[in-house]
Amino acid sequence: MAIRLDTPEVASLAKPPIERSDATQRAFIISHMVQEPFVVIYSMIAILLTKQLDASPFQVAVLTMLKPTVSVLSFYWGSFLLKKRSHLKENLLAATSLSVIPFLFAPIVDHAWFFVIAGALYALFSKAAIPARMELLKINTAEGEKEQIFSKASCIAYAVGVIASVCFGVILDAHPEWWRQLVCIAGGISLFSVIALSILPDEEAEKSVVTPPIESNVKDALLHPWQATFHLLRSRPDFLHFQVGFFLAGLGLMVAMPAIPSFLSTLKISYIELFVSMGVLKGLGFILTSNLWASAIRRFPLPLVSSAVFCGFGLFLGTLLLAIFDPRFVLVAYGLYGIAQAGSHLIWHLSGPIFSGTETSFQYSSVNILAIGLRGIIGPPLGGLIAQFLSPEIAILTGLGIGFFAVWYMVARRVCVQLQTG
């Protein structure tokens, strides 16, 4: 059950001091900037493993499956830390550090399974940090500021990502054997985000968090987060329907994702072209439209904006398939992906603070993370099987169909609500 913030001792959170808001903005911008080079090269990890370590389709499928599935463990991370009365910032700093430390050993390891495990750990801890990060953003900023700050930090990070993508592409085309050193360097730079995040104010967070009693046994500890989640979804049908729509759209992408590395490997594309499409053009699409999405979130219902995002991902998959006829469509596809991701990135991260209102956003954000894990159990294995026994193109088409079904669901649900209230 969500914890309310309407007690007298936290009433001052409605209008945070300017100093806290400014410090929060600096922390978010700097941390996003230094993390982005690693995010860029991590997005290419499946293709790098395929090209440089001869990773099998099974290993790629396992990595693709684990990256979202471990979010179930991320879901528990926050629950257990809060029950031990850990501070929000301690939660955030610990998860941020653990997410990249395994990749510091990349130069001395040449086995694909190591990177599969390291990739899964990155996915686990980077997701585990989100509830604390978003709650600190919410309580340290005034109404309407969180969208602006998060959008600004994301745009600056993507600008860094564009530069990093070009640099990585040029280096790897000339020296592909340096990829493990680049992974290590990017991971080391990412660790500087811990220093940046340490300046986040957390005094008010300590006042706002009412720590629940520790469960008496392991069974209660395992079941309590699920019980709280079901209670939240039952009590908030609007949030439930939002989750169903986002689950379906994410499932469509996850079905397609295992097939994309194999699909791209069949095309005559250089590393610089891959990094330009997956980094530069995707980043430009993100940067140019992020403020538009932030404005749309403030002006229109979240399900309606989500439908537009889902359409963007559908266009990405459809355009990607056109690369069969001309590889240059990969560039267009990832430009569309960047546009859609700008909206998805904001909606996914901010939906917890938006739906929670005067309550803490922990549980709302945790439900988002749990949903990633649940669809990760279904999507990647299904996509991997379709790609292996039919073709990568069929897997991408299947994901495309599921994505547009999500659009229909969100629009139909919106129409039904309007009819009922009209």
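What counts as what
- Residues numbered from 1 in each chain as written.
- Predicted model: local features only at pLDDT ≥ 70, side-chain atom pairs only at ≥ 80, totals over all residues.
- Heavy atoms only, no water.
- Helix = DSSP H or I, 4+ residues; strand = E, 2+ residues; numbered from the N terminus.
- Buried < 20%, exposed > 50% of the residue type's maximum accessible area, 1.4 Å probe, protein only.
- Areas by Shrake-Rupley, 256 points an atom, 1.4 Å probe, with all protein chains shown as cover.
- Patch = residues over 30% accessible without salt bridge, like charges linked within 9 Å, V, L, I, M, F, W, Y side chains within 5 Å.
- Salt bridge = Lys/Arg side-chain N within 4 Å of Asp/Glu carboxyl O.
- Core = buried A, V, L, I, M, F, W, Y, C linked by side-chain atoms within 4.5 Å.
- Phe/Tyr/Trp six-rings, centres within 6.5 Å; stacked < 30°, edge-to-face > 60°.
- Lys NZ or Arg CZ within 6 Å of the ring centre and 35° of its normal.
- Contact = heavy atoms within 4.5 Å.
- Expected span 1.5 Å × (residues − 1).
- Axes fitted to C-alpha atoms, helices over the stretch in contact; angles between N-to-C directions.
- Parallel < 35°, antiparallel > 145°, perpendicular 65-115°, else oblique.
- Left-handed = near helix turned anticlockwise from the far one by under 90°.
- Nonpolar A, V, L, I, M, F, W, Y, C, P; charged D, E, K, R; others polar.
- 1 Å grid on protein atoms, 1.4 Å probe; cavity = no way out; pocket = protein on both sides within 12 Å on 5 of 7 lines; lining within 4 Å.
- Points joined across faces, edges and corners; volume = space filled by probe spheres on them.

Caption draft 1: Up close: the overall build of the protein. Regarding its fold elements, the protein presents 19 helices and zero strands. Within the protein, the fraction of its 422 residues that count as buried is 57%. Of the accessible surface of the protein, which amounts to about 17900 Å², a share of 69% is contributed by carbon and sulfur atoms.

Caption draft 2: Molecular detail of a nonpolar patch on the surface. On the surface, Leu 322, Ile 324, Phe 325, Phe 329, Leu 331 and Val 332 cluster together into a nonpolar patch covering about 540 Å² of accessible area. Residue placement: Leu 331 occurs in helix H17 (residues 329–356). The partly exposed category is assigned to Leu 331, whose relative accessible area is 31%.

Caption draft 3: Representation of helix H7 (residues 130–139). Counting buried positions along H7 yields ten of ten residues, so the element is predominantly enclosed. Regarding H7, the residues found buried are Ile 130, Pro 131, Ala 132, Arg 133, Met 134, Glu 135, Leu 136, Leu 137, Lys 138 and Ile 139.

Caption draft 4: How the structure looks around the nonpolar core. Residues Phe 38, Leu 49, Trp 179, Leu 264, Phe 316, Leu 320 and Ile 396 are the most contacted members of the largest nonpolar core, which totals 115 residues. Per-element accounting of this core gives the leading share, eleven residues, to H17.

Caption draft 5: Region of interest: the packing of aromatic side chains. All chains considered together, the criterion is met by 17 aromatic pairs. Both rings, one in Tyr 42 and one in Phe 103, keep their centres 6.3 Å apart while their planes meet at 85°; by these two values the pair is edge-to-face. Highlighted residues: Tyr 42 in helix H1 (residues 18–42) and Phe 103 in the loop between helix H5 (88–100) and helix H6 (112–128), separated in sequence by 61 residues. Looking at Phe 103, the relative accessible area reads 1%, which means it is buried. Aromatic pair Phe 114 and Phe 115: ring centres 5.2 Å apart, planes at 90°, arrangement edge-to-face. Its relative accessible area of 25% is what places Phe 114 among the partly exposed residues. Taken together, the ring pairs connect Phe 239, Phe 242, Phe 246, Phe 310 and Phe 355 into an aromatic cluster. Here Arg 133 stacks its cationic end above the ring of Phe 28, 5.8 Å away from the centre of that ring.

Caption draft 6: Broad picture of the environment of His 241. Relative to the assigned elements, His 241 resides in helix H13 (residues 237–256). Between the C-alpha atoms of His 241 and Arg 413, which are 172 residues apart in sequence, the distance is 7.9 Å. In contact with His 241, other than residues within four places in its own chain, are Tyr 409, Met 410 and Arg 413.

Caption draft 7: Structural detail: the environment of Thr 319. Relative to the assigned elements, Thr 319 resides in helix H16 (residues 302–321). With eleven residues separating them in the primary sequence, Thr 319 and Val 330 have C-alpha atoms 7.4 Å apart. Every residue in contact with Thr 319, bar those within four places of it in the chain, is listed here: Phe 329, Val 332, Ala 333 and Leu 336.

Caption draft 8: Representation of the environment of Val 62 in the model. Relative to the helices and strands, Val 62 is located in helix H3 (residues 57–69). On the basis of relative accessible area, Val 62 is assigned to the buried category, the value being 14%. For the pair Val 62 and Ile 117, spaced 55 residues apart in sequence, the C-alpha separation works out to 9.5 Å.

Caption draft 9: View of H13. Here H13 spans 29 Å end to end across 20 residues, near enough to the 28 Å set by a 1.5 Å rise per residue. Within H13, 14 of the 20 residues are buried, leaving the element largely enclosed by the surrounding structure.

Caption draft 10: Geometry of the packing of H13 against H17. Axis separation between H13 and H17 bottoms out at 12 Å; the angle between their running directions is 160°. In terms of their interaxial angle, H13 and H17 are classed as roughly antiparallel. H13 and H17 meet at a crossing whose hand is left-handed. Within the contact between the two elements, H13 uses Asp 238, Phe 239, Phe 242 and Phe 246 and H17 uses Ser 344, Ile 347, Trp 348, Ser 351 and Phe 355. Residues of the contact of H13 with H17, tallied by class, amount to six nonpolar, two polar and one charged.

Caption draft 11: Region of interest: empty space enclosed by the protein. Under the counting rule described, the total for this entry stands at three cavities of 30 Å³ or more. Considering only enclosed or pocket space, the second largest cavity measures out at about 50 Å³ in volume. The set of elements that each furnish at least two residues to the lining of the second largest cavity consists of H13, H16 and helix H19 (392–421). Sort the elements by how many residues they give to the lining of the second largest cavity and H16 lands first, with four residues.

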